Amino acid sequence: MEIYGWIIEHTDILGLIIDFLSLLATIFLTIAIYLLERHHEKEREKAEEKAQKSAVIESAKNFLINNDNEIEYIPLAEIAAKLKIRRKHCRHLINRYLRCSEQQQQEILCQANIPDIQVSMDSVQTALKYLQADLNKYKFGRNILYDEAKYLHRAFERWSEVAVDDVNPYIFEDLLKSEWHGEQSGVSWRSSNCSTTLSSYMWDYLHPTEINIDRNRIKPPIDMVFQKCNLGYCEESTMTFWTMRIIIDACHTIKNEQYEDIFDEYLIQTQEDMYYYTLAVLCKTYAAGGDKQK
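The notes below deal with the structure included here.

What counts, and where the lines are drawn
Residues numbered from 1 in each chain as written. Predicted model: local features only at pLDDT ≥ 70, side-chain atom pairs only at ≥ 80, totals over all residues. Heavy atoms only, no water. Helix = DSSP H or I, 4+ residues; strand = E, 2+ residues; numbered from the N terminus. Buried < 20%, exposed > 50% of the residue type's maximum accessible area, 1.4 Å probe, protein only. Contact = heavy atoms within 4.5 Å. Areas by Shrake-Rupley, 256 points an atom, 1.4 Å probe, with all protein chains shown as cover. Salt bridge = Lys/Arg side-chain N within 4 Å of Asp/Glu carboxyl O. Phe/Tyr/Trp six-rings, centres within 6.5 Å; stacked < 30°, edge-to-face > 60°. Lys NZ or Arg CZ within 6 Å of the ring centre and 35° of its normal.

## Side note on the overall build of the chain
Then, in step 1: Tallying secondary structure elements over the chain gives eleven helices and two strands in all.
Then, in step 2: Counting helices and strands in the order they occur from the N terminus, the chain gives α-α-α-α-α-α-α-β-β-α-α-α-α.
Then, in step 3: The burial tally for the chain puts 42% of its 294 residues in the buried class.
Then, in step 4: Counted over contacts in the chain with a minimum sequence separation of 6, partners at least 24 positions apart contribute 71%.
Then, in step 5: Put simply, the chain shows about 17500 Å² of open surface, and 52% of that area lies on carbon and sulfur atoms.

The following block contains the structure:
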């Protein structure tokens, strides 16, 4: 009876204790349910992420298999993706690559073991300014980059499908083999077999003392190309080609850069190919700005 009486006397307190314990039980149960659901959710997320990653890996593998005959041109497709140029390309591989998601593109590059290529239109414009400054500094001849390098960009805008049969013609004077005549008579002239590349001509022009020649007696490289290839009266597609060739070789010669890790230029088949390669060369050459030393 005493216990019963004590219970009756403390009913309110006991009720509060029971309510509190019920609340704790509810809280603990809610937390337990939440943790359990969260655990299952994380497992589902991991499973979905794993499945998605597997799907990306598989799609990249299929892309490489389906485009096996053009794998060498994937760097150009990546350059197009980096530049965010959304238009139909004459190279179908680029169109297919641009339709892939960014995750798929990264996986394709990874599986194909292609290094990252840093290029953007902003960096292209900056690089062109640095290049023009160097062309002026080393007196390479007339300006071909006027009007925001219009002939460079027209190669893609107007002449992307034009075939490039010989990306690096051996048609220029080999200054090492040139022979001077008429020195004693006062009317000097020289003969050459015109059997070298523009890059070689630029290199000799830039380093005249190494080949024991007076730079004042030879024509600046760009002026020489204008004369040799009749650029003042040629088709615009010819002008766009030589604008790109001059840019590539000037970057190589002035900064003494190599570009094998970007793309093998002898794989170039169209001006579209050459355009993307030229932009990548520009951005790599002047990535550190205009003060980069040779």
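## Observations regarding the pattern of salt bridges
Then, in step 1: In the structure shown here, the tally under the stated rule is 14 salt bridges.
Then, in step 2: A salt bridge links Glu70 to Arg96, with the nearest nitrogen and oxygen atoms 3.8 Å apart. Of the two residues, Glu70 sits in the loop between α2 (11-66) and α3 (74-83) while Arg96 sits in helix α4 (residues 92-98), which places them 26 residues apart along the sequence.
Then, in step 3: Relative accessible area serves as the criterion here: at 33%, Arg96 is assigned to the partly exposed category.
Then, in step 4: Via salt bridges that share partners, Glu70, Arg91, Arg96 and Asp273 belong to a single interconnected network.

## Here's the deal with helix α9 (residues 221-229)
Then, in step 1: Extensive coverage of α9 is indicated by the burial of seven of its nine residues.
Then, in step 2: Taken residue by residue, α9 has Pro221, Ile222, Asp223, Met224, Val225, Phe226 and Cys229 as its buried positions.
Then, in step 3: Buried positions along α9 lie against α6 (121-137), α8 (198-206) and α10 (236-255).
Then, in step 4: Looking one or two residues beyond α9, the residue adopting positive phi is Asn230, at roughly 55°.

## Regarding the packing of aromatic side chains
Then, in step 1: In this structure the tally under the stated criterion is eleven aromatic pairs.
Then, in step 2: Measuring from centroid to centroid gives 5.8 Å for Phe140 and Tyr205, while their planes differ by 90°, and the two rings are edge-to-face. Here Tyr205 lies in helix α8 and Phe140 lies in the loop between α6 and α7 (146-157), a separation of 65 residues in the sequence. Comparing Phe140 with Tyr205 shows no difference in burial state: the two are buried.
Then, in step 3: Seen in terms of ring centroids, Phe156 and Tyr275 are 5.1 Å apart; in terms of plane orientation they differ by 15°. Their pairing is stacked. Here Phe156, found in helix α7, pairs with Tyr275, found in helix α11 (residues 271-285); they are 119 residues apart in sequence, far enough to count as distant. Pair check on accessibility: Phe156 and Tyr275 agree, each one buried.
Then, in step 4: One Lys or Arg, Arg87, reaches over the ring of Phe156 and ends 4.2 Å from the middle of that ring.

## Quick notes on unusual backbone geometry
Then, in step 1: Even without a glycine there, the phi angle at Lys84 is positive, about 60°.
Then, in step 2: Along the polypeptide, Lys84 turns up in the loop between α3 and α4.
Then, in step 3: Lys84 gets classed as exposed once you look at its relative accessible area, which sits at 63%.

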